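Residue-level structure breakdown
So you can see what is in the structure, the chains are spelled out below.
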Amino acid sequence: MHALVAFFDDEADKKVRELQRRIGAKHAYPPHLTYAVASTIGPKVRKELREDLGRLWLPDLYLHSLSTFSTADNVLMLSAVVDTELLAVHSAIHDVLASNVKNPSAYYLPGNWVPHCTLAHDIDDDAMKAAFAAIFPVEPIRAKVREVSIVDTQTGEVDVLKKASTAPR
């Protein structure tokens, strides 16, 4: 599987990792927000994504609400505030991906996507309740996007598509 993700600046990364540490969660990848997932995001599509992302300003992410996805794979997360800039980037990404990737995950498609940073996943109900209680309330985290990358979840390879802009904020 390939995931198109935004990795955070050092300060936000540190804050999210501290929350994960407090609940005993371990992750293979740094804290991030996922824009899209598909079984394959090939070289041609990556090239087009690089070009499109090069023209876009990557907005800061405001990880504001501690919440859950209560499914078979319980997820404790920090939901991002949804604003027009975030939706514009997400939409632009999916305009490139549409009909050009294999097996896109419906969870990340426009209209279904819940932008978030996972704190813990695949935990039972009791562990979920304990983790929530251990870190509630959570101070909102302003996460600047450090880079947008494609992560190969099988090999661990990270392909950077765009580094964050150095323009003043």
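Labelled according to an unreviewed UniProt entry, the chain appears under the name 2'-5' RNA ligase, originating from Lentzea flaviverrucosa.

Re the nonpolar core
In terms of nonpolar packing, the biggest core is built from 49 residues, with Leu4, Phe8, Tyr35, Leu49, Leu63, Leu76 and Leu119 touching the most fellow members. Examining the composition of this core, we find that six residues originate from one element, strand E1 (residues 2–8), more than from any other. Excluding its chain neighbours within four sequence positions, the residues that come into contact with Leu76 are Ile23, Leu66, Ser67, Thr68, Cys117, Thr118, Leu119, Ala120, Met128, Ala131, Phe132 and Ile135.

Structural notes on the sheet that holds strand E4 (residues 75–80)
The strand order across the open sheet built from four strands is E5-E4-E3-E6, with neighbouring strands paired in antiparallel fashion. For this open sheet the edge positions go to strand E5 (116–121) and strand E6 (141–143), each flanked by a neighbour on one side alone. Here the strands of the sheet are splayed against their neighbours by 35° on average, with no regard to which way each runs. The strands that helix H4 (residues 125–135) touches are strand E3 (61–69), E4 and E5; relative to E3, the one it contacts most, it runs at about 145°.

A few points about the environment of Leu87
Looking at the element boundaries, Leu87 is found in helix H3 (residues 84–97). Given the relative accessible area of 40%, Leu87 is considered partly exposed. The sequence separation of Leu87 and Glu157 amounts to 70 residues, and the corresponding C-alpha distance is 27 Å. With near-sequence residues (within four places) excluded, Leu87 lies in contact with Val82 and Trp113.

Details of the sheet that holds strand E8 (residues 158–163)
The sheet built from four strands is open, its strands ordered E2-E1-E7-E8 with antiparallel pairing. Edge positions in the sheet fall to strand E2 (32–38) and E8, since each of these pairs with one other strand and no more. Averaged over all neighbouring strand pairs, the angle between strand axes comes to 20°, with direction disregarded. Pairing geometry for strand E7 (residues 145–152) and E8, over five bridges, is antiparallel. Paired with Val148 across the two strands is Lys162, which belongs to E8. In the packing of helix H2 (residues 43–54) onto the sheet, the strands contacted are E1, E7 and E8, and the crossing angle to E8 comes to about 25°.

Calculation criteria
- Residues numbered from 1 in each chain as written.
- Predicted model: local features only at pLDDT ≥ 70, side-chain atom pairs only at ≥ 80, totals over all residues.
- Heavy atoms only, no water.
- Core = buried A, V, L, I, M, F, W, Y, C linked by side-chain atoms within 4.5 Å.
- Buried < 20%, exposed > 50% of the residue type's maximum accessible area, 1.4 Å probe, protein only.
- Helix = DSSP H or I, 4+ residues; strand = E, 2+ residues; numbered from the N terminus.
- Contact = heavy atoms within 4.5 Å.
- Pairing = 2+ DSSP bridges.
- Axes fitted to C-alpha atoms, helices over the stretch in contact; angles between N-to-C directions.

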